[in-house]
Amino acid sequence: MRLFAAVTPPSSALDELAEAVAPLRSLPGAGRLRWAEPDTWHFTLAFLGEVDEERLPELTERLARAAHRHPPHELRFAGGGRFGDRILWAGVQGETDTLRGLARSAAAGARRAGVAVDDKRPFHPHLTLARSATGRVALAPYAAGLADFRGAPWTAGRLELIRSRLPAGGVPGERPRYELVEAWDLGR
């Protein structure tokens, strides 16, 4: 199974962000971007890659412990940025130290369960909005379009283990499907 640990914002926060992102979809070059749909938006805390099903019981036990060690915390979408001209993302403000701690705990728990965690880069809290689909697209105007955006505060209240099913059909534009495997309330 291809898995990742994540925090998914509440639908009210996602709707607010979607409203701020909508005008960006009409900027020059927007058609060359692969836009993530709002119902798939999340903060990836730890990408776990392919995980043998036999590791799932210990993995879920360790992720439950990680969730219980961190309290619910307040966040808000704020601004945006880009990783070069490859990825456009929405930023976050608030109790980001708690979110970072949760990401560290999720990754450590996965490693203790024998899962190789992709941790080549340090955790940078962001929500991916779009990726370059064909060649490079100058993403600076897109990030600038989100610079002044500040969403309403919301509470990150649970850690989720999500399965990513990659497209098998070879249909252009087909996206992975995400399925919730298990979730744990934070601080309990």
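Conventions adopted
- Residues numbered from 1 in each chain as written.
- Predicted model: local features only at pLDDT ≥ 70, side-chain atom pairs only at ≥ 80, totals over all residues.
- Heavy atoms only, no water.
- Helix = DSSP H or I, 4+ residues; strand = E, 2+ residues; numbered from the N terminus.
- Expected span 1.5 Å × (residues − 1).
- Buried < 20%, exposed > 50% of the residue type's maximum accessible area, 1.4 Å probe, protein only.
- Contact = heavy atoms within 4.5 Å.
- Phe/Tyr/Trp six-rings, centres within 6.5 Å; stacked < 30°, edge-to-face > 60°.

(A) Helix α3 (residues 96-112), seen in detail. The end-to-end C-alpha distance of α3 is 24 Å, a good match for the 24 Å that 17 residues give at a rise of 1.5 Å each. Burial of α3 is extensive: twelve of the 17 residues sit out of reach of the surface. Of the positions making up α3, those classed as buried are Thr96, Thr98, Leu99, Gly101, Leu102, Ala103, Ser105, Ala106, Ala107, Ala108, Gly109 and Ala110. On its buried face, α3 is in contact with β1 (2-7), β3 (43-50), α2 (56-68), β4 (73-83), β5 (87-94) and β8 (158-165). Residue Gly114 follows α3 closely and has a positive phi angle near 85 degrees.

(B) View of the packing of aromatic side chains. Counted under the stated rule, the structure contains six aromatic pairs. Ring centres of Phe43 and Trp154 lie 6.2 Å apart, and the angle between their planes is 25 degrees; on these two criteria the pair is classed as stacked. Of the two residues, Phe43 is situated in strand β3 and Trp154 in strand β7 (residues 154-156); the sequence distance between them amounts to 111 residues. Given a relative accessible area of 0%, Phe43 falls into the buried group. Their ring planes at 40 degrees and their centres at 5.9 Å tell us that Phe77 and Trp154 sit as a pair that is tilted. In this pair, Phe77 sits in strand β4 while Trp154 sits in strand β7, placing the two residues 77 residues apart along the sequence. On the basis of relative accessibility, which here comes to 5%, the residue Trp154 falls in the buried class.

(C) Spatial organisation of the environment of Glu61. Relative to the assigned elements, Glu61 resides in helix α2. Glu61 sits in the partly exposed class, given a relative accessible area of 42%. C-alpha separation for the pair Glu61 and Ala156, spaced 95 residues apart in sequence, amounts to 20 Å.

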